[in-house]
Amino acid sequence: MSDTFRRDLLAGKRAIVVGGSSGIGEGIARALAGVGARVIVTGAADAEVLRLRDARAFDTESIDVLDVRDNDRVVAFFKRFDAVDVLVNCAGIIRRGAEHDPAVFSDVVDVNLGGTMRCCAAARAKLAVAKGCIVNTASVLSFFGGGLVPGYAASKGGVAQLTKSLAIAYAAEGVRVNAIAPGWVRTPLTAALQADAGRDAAIVARTPLGRWADADDIAGAALFLCAPAARFVTGVVLPVDGGYMIT
């Protein structure tokens, strides 16, 4: 990101990346650290958190386990901070082929949509102090369906509408709320699709830029939404999909 953003762009700002211990979240956390932010990362699993701590891949203020389904723990986590400048919500799960089971559907929605709302609500007052911003993680499946992933698609459609609603609700407090909508990204969450030669080929063939995204491709868009250059941008759900949705 050094060829686009100043290394001191967010110097001294506190940025919390929920779900930042792997995949897109880790890429965004790394990018925020690269422009001077004081980054706090959470992950859902001990193994992910320990891996990131051991890797020391970028500077972090702390790396913690946080179950976004547990409202009491979410509230207690955000109480630790006097102010929050940036909140990035990247915690998410997908259960391909199993989400037609109502119990699995409910769990996916609870993490992806409910968890996003819990974190936004818990951080709201701290963000208002800093006149900060939120970047949620929607998806191209916010715009169309997924037959194998009704829970994921429904939750990401909900994230898009939640983003617009909170942008209205939080605007008077000086808090901007936007979302990125990634397309197909090479992360552990999409490992099964990457390994399926037929699906891999179909995704690449439909994507005008002719490839899968890397986490860094998504991080650049997130950084823009966190930056002063986006100070009059709120309520946006920004596709970062290589053109997938226009074909």
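Small disclaimer: the values here were computed from a predicted structure and weren't measured. (Residues numbered from 1 in each chain as written. Predicted model: local features only at pLDDT ≥ 70, side-chain atom pairs only at ≥ 80, totals over all residues. Heavy atoms only, no water.)

1. What to know about the sheet that holds strand S4 (residues 86-89)
Stage number 1. With parallel pairing, the 7 strands of this open sheet are ordered in space as S3-S2-S1-S4-S5-S6-S7. The sheet terminates laterally at strand S3 (62-65) and strand S7 (237-240), the two strands that pair on one side only. The sheet shows a mean angle of 20° between the axes of neighbouring strands, direction not considered.
Stage number 2. Lying over the sheet, helix H3 (residues 71-78) contacts strand S1 (14-18), strand S2 (38-43), S3 and S4, oriented at roughly 160° with respect to S1. (Pairing = 2+ DSSP bridges. Helix = DSSP H or I, 4+ residues; strand = E, 2+ residues; numbered from the N terminus. Axes fitted to C-alpha atoms, helices over the stretch in contact; angles between N-to-C directions. Contact = heavy atoms within 4.5 Å.)

2. Quick notes on the packing of aromatic side chains
Between two aromatic rings, the relevant description is the distance of the centres plus the angle of the planes.
Stage number 1. Counted by the stated rule, this structure contains 5 aromatic pairs.
Stage number 2. Between Trp184 and Trp212, the aromatic rings sit 6.3 Å apart at their centres with planes inclined by 65°, giving edge-to-face as the arrangement. Of the two residues, Trp184 sits in the loop between strand S6 (176-182) and helix H6 (191-195) while Trp212 sits in the loop between helix H7 (197-206) and helix H8 (215-226), which places them 28 residues apart along the sequence. With respect to burial, Trp184 and Trp212 carry one shared label: buried.
Stage number 3. The positively charged end of Arg206 is found above the aromatic ring belonging to Phe144, 5.7 Å away from the centroid. (Phe/Tyr/Trp six-rings, centres within 6.5 Å; stacked < 30°, edge-to-face > 60°. Buried < 20%, exposed > 50% of the residue type's maximum accessible area, 1.4 Å probe, protein only. Lys NZ or Arg CZ within 6 Å of the ring centre and 35° of its normal.)

3. Looking at H3
Stage number 1. Of all the residues in H3, the buried ones are Val74, Phe77 and Phe78. Buried residues of H3, viewed axially, fall in a sector of 90°; they line one side. Away from its buried face by more than 90 degrees, H3 exposes Asp72 and Arg73.
Stage number 2. Where H3 is buried, its residues contact S1, S2, S3, S4 and helix H4 (102-130). (Arc of directions from axis to C-beta.)

4. Examining the pattern of salt bridges
Two side chains bearing opposite charge may form a pair once their charged atoms approach each other closely.
Stage number 1. Across all of its chains, the model carries 14 salt bridges by this definition.
Stage number 2. In this structure, Asp8 engages Arg6 in a salt bridge whose closest nitrogen and oxygen atoms are separated by 2.8 Å.
Stage number 3. Residue Asp8 is classed as partly exposed on the basis of its relative accessible area of 44%.
Stage number 4. By sharing partners, the salt bridges in this structure join Arg14, Arg38, Glu61 and Asp82 into a single network. (Salt bridge = Lys/Arg side-chain N within 4 Å of Asp/Glu carboxyl O.)

5. Some remarks on the side chain of Ser21
Stage number 1. Assignment of secondary structure puts Ser21 in the loop between S1 and helix H1 (23-34).
Stage number 2. Here Ser21 is in contact with Glu26, Val41, Thr42, Gly43, Glu48, Arg51 and Leu52, once residues within four sequence places are set aside.

6. A word on the environment of Ala47
Stage number 1. Relative to the assigned elements, Ala47 resides in helix H2 (residues 46-55).
Stage number 2. Sequence separation between Ala47 and Val65 is 18 residues, and the spatial gap between their C-alpha atoms is 9.6 Å.

7. Quick word on the nonpolar core
Stage number 1. By size, the foremost hydrophobic cluster in this structure holds 36 residues, and its most contacted members are Ile28, Leu32, Val39, Val88 and Ile180.
Stage number 2. Within the residue set of this core, elements represented by two or more residues are S1, H1, S2, H2, S4, strand S5 (133-137) and H8.
Stage number 3. Among the elements that make up this core, the one with the highest residue count is H8 (7 residues).
Stage number 4. Ignoring sequence-local partners within four residues, the contact set of Val39 consists of Ala15, Val17, Ala29, Leu32, Ala33, Asp59, Thr60, Glu61 and Ser62.
Stage number 5. In this structure, Val18, Ile94, Val149 and Leu166 belong to the second largest nonpolar core, which totals 33 residues. (Core = buried A, V, L, I, M, F, W, Y, C linked by side-chain atoms within 4.5 Å.)

The quantities given are spatial measurements derived from coordinates; they are silent on function.
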